[in-house]
Amino acid sequence: FDTLLSLLGPEIVGPEKAITFEKCLDPRELQRGPIAQSVYYEALEQSFPAVELIGAFNALRKQFSALRSYTLTPIDTFDASILGMIRYPIGPEHSDNRPILALSNLSERSLTASIPFTQLQTKLGVSRFTLIEKLRLEGDHSQRAEVSGSGYGFDPGTPARLDIALRPYSAILFEICWID
């Protein structure tokens, strides 16, 4: 936010302006950008599963209020090319929904998100939890992706770090479940 304010000035950035602090935290705004019509059609020709991807993500948005929420916390992944965040459910009426851990590799290289387990414990307020994969997008460049509907459980126990490998231009959404 401060960087945008210094670059673009207070005429554009600030309360009740085109760019607000809240928009700087909204992943939809962070990832949004123009795409040429020719690029879109090229992606479709390369079997980019646009309809399947949007359908799978919309189904998850209906199931998890955390994906409709603006309440999120950034996660330090120890790599500037990996975007990591926890999104929290909307209000107490959605308390049965769990938070979502989202990781995206925004580079053309395979990378590993290395998250200190204590960071997750602190941000979640629990000592033990399981990660269940809900959506995986993978591609060898930014216009290709595959939807993986299969999920698996992952119980990190008590390691010093949680390391998750991410292929180029990939993203993973995990449901976070508490362990009693």
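None of the values given here were measured: they were computed from a predicted structure.

Details of the overall build of the protein chain
Right, so step 1: For the protein chain, the count of helices and strands is six helices and nine strands.
Right, so step 2: Burial status across the protein chain gives 39% buried among its 180 residues.
Right, so step 3: Across the protein chain, the fraction of contacts at a sequence separation of at least 24, relative to all contacts at a separation of at least 6, is 64%.
Right, so step 4: For the protein chain, the exposed area adds up to about 10600 Å²; of that, 55% sits on carbon and sulfur atoms.

Some thoughts on the pairing of strand β8 (residues 161–166)
In regular strands, side chains alternate between the two faces of the sheet.
Right, so step 1: The two faces of β8 differ: Leu162, Ile164 and Leu166 on one face are buried, but Arg161, Asp163 and Ala165 on the other face are not.
Right, so step 2: Pairing of strand β4 (residues 111–116) with β8, which is carried by six bridges, proceeds in the antiparallel orientation. Among the inter-strand pairings, serine 114 is bridged to a residue of β8, identified as aspartate 163.

What to know about the nonpolar core
Right, so step 1: Membership of the largest hydrophobic core comes to 20 residues, with the highest contact counts inside it found for Ile86, Leu101, Leu103 and Leu120.
Right, so step 2: In this view, isoleucine 86 contacts Thr71, Leu72, Thr73, Ile75, Pro99, Ile100, Leu101, Leu120, Lys123, Leu124 and Ile176; residues no more than four positions away in its chain are not counted.
Right, so step 3: Leu53, Leu67, Leu135 and Leu137 belong to the second largest nonpolar core, which has 13 residues in total.

Some words on the confidence of the model for the protein chain
Right, so step 1: Chain-level statistics for the protein chain give a pLDDT mean of 75 and a share of 66% at 70 or above.
Right, so step 2: Mean pLDDT across the elements of the protein chain ranges from a minimum in strand β6 (residues 146–147), with 49, to a maximum in strand β2 (residues 82–87), with 92.
Right, so step 3: pLDDT under 50 marks residues 141–146. Its contacts with residues more than four places away, or in other chains, come to 21 contacts.

Comments concerning the side chain of serine 114
Right, so step 1: Along the polypeptide, serine 114 turns up in strand β4.
Right, so step 2: Looking at serine 114, the relative accessible area reads 15%, which means it is buried.
Right, so step 3: Excluding residues within four positions of it along the chain, serine 114 makes contact with Asp76, Thr77, Phe78, Arg161, Leu162 and Asp163.

Considerations on the side chain of threonine 73
Right, so step 1: Assignment of secondary structure puts threonine 73 in strand β1 (residues 72–74).
Right, so step 2: Among the residues examined, threonine 73 registers a relative accessible area of 18% and is labelled buried.
Right, so step 3: Here tyrosine 88 takes part through its side chain, which lies 3.4 Å from a polar atom of the side chain of threonine 73.
Right, so step 4: Here threonine 73 is in contact with Gly84, Met85, Ile86, Tyr88 and Lys123, once residues within four sequence places are set aside.

Here we look at the pairing of strand β3 (residues 100–105)
Right, so step 1: With six of six residues buried, β3 is to be regarded as a mostly interior element.
Right, so step 2: Of the two faces of β3, the one holding Ile100, Ala102 and Ser104 and the one holding Leu101, Leu103 and Asn105 are both buried throughout.
Right, so step 3: Here β2 runs beside β3; their pairing, made up of six bridges, is antiparallel. Bridge assignment links isoleucine 82 to a residue of β3, and that residue is asparagine 105.
Right, so step 4: Pairing analysis gives five bridges linking β3 to strand β9 (residues 171–178), with the strands arranged antiparallel.

What to know about the pattern of salt bridges
Right, so step 1: On inspection of all chains with the given rule, the structure shows three salt bridges.
Right, so step 2: A salt bridge links glutamate 175 to arginine 98, with the nearest nitrogen and oxygen atoms 3.8 Å apart. Taken together, the positions of glutamate 175 in strand β9 and arginine 98 in the loop between β2 and β3 put the pair 77 residues apart, joining distant regions of the chain.
Right, so step 3: In this structure, the salt-bridge partner of glutamate 133 is arginine 136, at a minimum N-O distance of 2.9 Å. For the residue pair glutamate 133 and arginine 136, the accessibility class agrees, reading buried in each case.
Right, so step 4: Linked through salt bridges whose partners overlap, the residues forming this network are Arg98, Lys134 and Glu175.

Criteria and cut-off values
- Residues numbered from 1 in each chain as written.
- Predicted model: local features only at pLDDT ≥ 70, side-chain atom pairs only at ≥ 80, totals over all residues.
- Heavy atoms only, no water.
- Helix = DSSP H or I, 4+ residues; strand = E, 2+ residues; numbered from the N terminus.
- Buried < 20%, exposed > 50% of the residue type's maximum accessible area, 1.4 Å probe, protein only.
- Contact = heavy atoms within 4.5 Å.
- Areas by Shrake-Rupley, 256 points an atom, 1.4 Å probe, with all protein chains shown as cover.
- Pairing = 2+ DSSP bridges.
- Core = buried A, V, L, I, M, F, W, Y, C linked by side-chain atoms within 4.5 Å.
- pLDDT = per-residue confidence, 0-100.
- Polar contact = N/O pair within 3.5 Å; in protein donor to acceptor, adjacent residues only side chain to side chain.
- Salt bridge = Lys/Arg side-chain N within 4 Å of Asp/Glu carboxyl O.

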